[in-house]
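Structural characterization, general
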Amino acid sequence: MDQAEPPPVPSPDPQPPTPDEAACLIAESFRVDPDWGMLVWLTMVSGARRGELCALRWRHVDLERAVVTVRRAIAQDGNDTEEKDTKTHQRRHVTIDPGTVAALIEHRQRWEARMAALGLEMSPDAFVFSNSPDGSTSLKPSSVTQRYGRMADRLGIDTHLHNLRHYSATELIAAGVDVRTVAGRLGHGGGGTTTLRVYAAWVAEADQRAAQGLADRLPARPTPATTNDGERARTNPRSPYERVAVELLARVVAGSINVGDQLPTGKQLGAEFGVATATAQRAVALLQTWGVVEVSRGRRAVVRASDVAPDRATPKYLAEATGEDGTE
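Notes on the structure follow. (Residues numbered from 1 in each chain as written. Predicted model: local features only at pLDDT ≥ 70, side-chain atom pairs only at ≥ 80, totals over all residues. Heavy atoms only, no water.)

What follows concerns the overall build of the chain. Per the secondary structure count, the chain includes 14 helices and seven strands. The burial tally for the chain puts 38% of its 328 residues in the buried class. Expressed as a percentage of contacts within the chain between residues at least 6 apart in sequence, the contacts between residues at least 24 apart total 60%. Surface accessibility of the chain: about 19500 Å² in total, with carbon and sulfur atoms responsible for 50%. (Helix = DSSP H or I, 4+ residues; strand = E, 2+ residues; numbered from the N terminus. Buried < 20%, exposed > 50% of the residue type's maximum accessible area, 1.4 Å probe, protein only. Contact = heavy atoms within 4.5 Å. Areas by Shrake-Rupley, 256 points an atom, 1.4 Å probe, with all protein chains shown as cover.)

And the structure:
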């Protein structure tokens, strides 16, 4: 037993509902029961655990400041429930958006109207979600999970309640919210270590979006001027093979190599110009690009009917052809 090693911990693989699935779940929950819809909505918005929402009391909801304070959680053992500290034994404040504030105000007004009809008055200690007329008892976490599961099955969505917590986290990360803030809303300990470990894939996605967002805001990148090396080599040969090609082109224009003539082999050209055979072959390939020769497999290059005007030849050839170099 002392030599036994535990199996490796499986990598986290959160499976939040897609945005379309989340929209269907929200619409169905509000259609069935506005109070139930509020619970599903707040789970999605706050990312709170099911036990934490079951333990949420009205005195923990500050509608003026738009803050929900998560202080306690409902733990369940069989049919028995117990109110206790949160999983990390820390309270946290979760800011909510104006739409959620409006929904909670409507939720409270429904409760107050029902209590008034029964001659009851809402206590600050009343649970936000309860099956009791006066809100004095909390919901059971297992019952919430089961109800959510049945609803998802009706919609044909393969998910469970805890995935709404994943949905909240992934949407925040994908929106570019920093990991420490996400960890604080979820109640993760370790300063975001758990958040990074579980939601690393979405952190990478958010980073990609950030990179694209930065790229969209950068000034336009200057387009480098394009050059045609083949055309440039006619008048400004730089490499040995370009100089060989220009010299052969000059001979074609001068008529010392006639149309239909075969060029010497690469080996012969290399020996004549003092270059490697491969260099000579590159020169022939450049002549083919210029349309000066035709190259067939297994045959030597043949000079074609050249439409290369003298002004397209080399400066050296032009000078010699016109006598501007002082020769007759």
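Continuing now.
Keep in mind that most residues, glycine aside, have a negative phi and that most peptide bonds are trans. You will see that Ala66, though not glycine, has its phi angle at about 60°, which is positive. Tracing the backbone shows Ala66 in the loop between strand E1 (61-62) and strand E2 (67-70). Residue class for Ala66 comes out buried when judged on its relative accessible area of 15%.

What follows concerns the nonpolar core. As a rule of thumb, nonpolar side chains are buried together in soluble globular proteins. The biggest cluster of nonpolar side chains holds 38 residues, and the ones touching the most others in it are Trp36, Leu39, Leu56, Val61, Phe129, Val144 and Tyr148. Secondary structure elements with two or more residues in this core: helix H1 (19-32), helix H2 (34-46), helix H3 (50-54), helix H4 (98-117), helix H5 (141-155) and helix H6 (162-174). Considering each element in turn, this core owes the most residues, six residues, to H2. Residues within four places of Phe129 in sequence aside, it is in contact with Asp35, Met38, Leu39, Leu42, Leu53, Cys54, His107, Thr137, Ser138 and Leu139. In terms of nonpolar packing, the next biggest core, distinct from the first, is built from 21 residues, Leu249, Ile257, Leu269 and Leu286 among them. (Core = buried A, V, L, I, M, F, W, Y, C linked by side-chain atoms within 4.5 Å.)

If you walk through the whole model with that rule in mind, you get 16 salt bridges. Residue Arg147 pairs with Asp33 through a salt bridge whose shortest N-O separation is 3.8 Å. Note that Arg147 is positioned in helix H5 and Asp33 in the loop between H1 and H2, a separation of 114 residues in sequence. Classification of Arg147 as partly exposed rests on a relative accessible area of 29%. (Salt bridge = Lys/Arg side-chain N within 4 Å of Asp/Glu carboxyl O.)

For the rest of this paragraph, the subject is helix H7 (residues 179-186). Those residues of H7 not exposed but buried are Val179, Val182, Ala183, Arg185 and Leu186. Buried residues of H7, viewed axially, fall in a sector of 160°; they line one side. Remark: Gly187 follows H7 within two positions and exhibits a positive phi of approximately 80°. (Arc of directions from axis to C-beta.)

Glancing now at the packing of aromatic side chains. Applying the stated criterion to the full structure yields zero aromatic pairs. It is Arg114 that lies over the ring of Trp111; its NZ or CZ is 4.8 Å from the centre. The ring centre of Tyr241 lies 4.0 Å from the NZ or CZ of Arg282, which sits over that ring. (Phe/Tyr/Trp six-rings, centres within 6.5 Å; stacked < 30°, edge-to-face > 60°. Lys NZ or Arg CZ within 6 Å of the ring centre and 35° of its normal.)

It is worth spelling out the packing of helix H11 (residues 240-254) against helix H13 (residues 277-289) at this point. Packing of H11 against H13 brings their axes to within 8 Å, and their N-to-C directions diverge by 55°. In terms of their interaxial angle, H11 and H13 are classed as oblique. Crossing of H11 against H13: the hand is right-handed. Along its contact with H11, which presents Pro240, Tyr241, Glu242, Val244, Ala245, Leu248 and Leu249, the element H13 presents Thr279, Arg282, Ala283, Leu286 and Leu287. (Axes fitted to C-alpha atoms, helices over the stretch in contact; angles between N-to-C directions. Parallel < 35°, antiparallel > 145°, perpendicular 65-115°, else oblique. Left-handed = near helix turned anticlockwise from the far one by under 90°.)

Pairing of strand E3 (residues 72-77) with strand E4 (residues 80-85) involves six bridges; the strand directions are antiparallel. Counterpart to Ile74 in the pairing with E4 is Glu83. Where E3 hands over to E4, the hairpin turn is made up of two residues, of which Gly78 adopts a positive phi near 70°. (Pairing = 2+ DSSP bridges.)

On to the packing of H2 against H6, then. Between H2 and H6, whose axes approach to 7 Å, the crossing angle comes to 45°. Considering their axes alone, H2 and H6 lie oblique with respect to each other. Along the contact surface, H2 presents Val40, Thr43, Met44, Val45 and Ser46, while H6 presents Leu164, Tyr167 and Ser168. Of the residues that constitute the contact of H2 with H6, the class distribution is five nonpolar, three polar and no charged. (Nonpolar A, V, L, I, M, F, W, Y, C, P; charged D, E, K, R; others polar.)

Keep in mind these numbers describe shape, not what the thing actually does.
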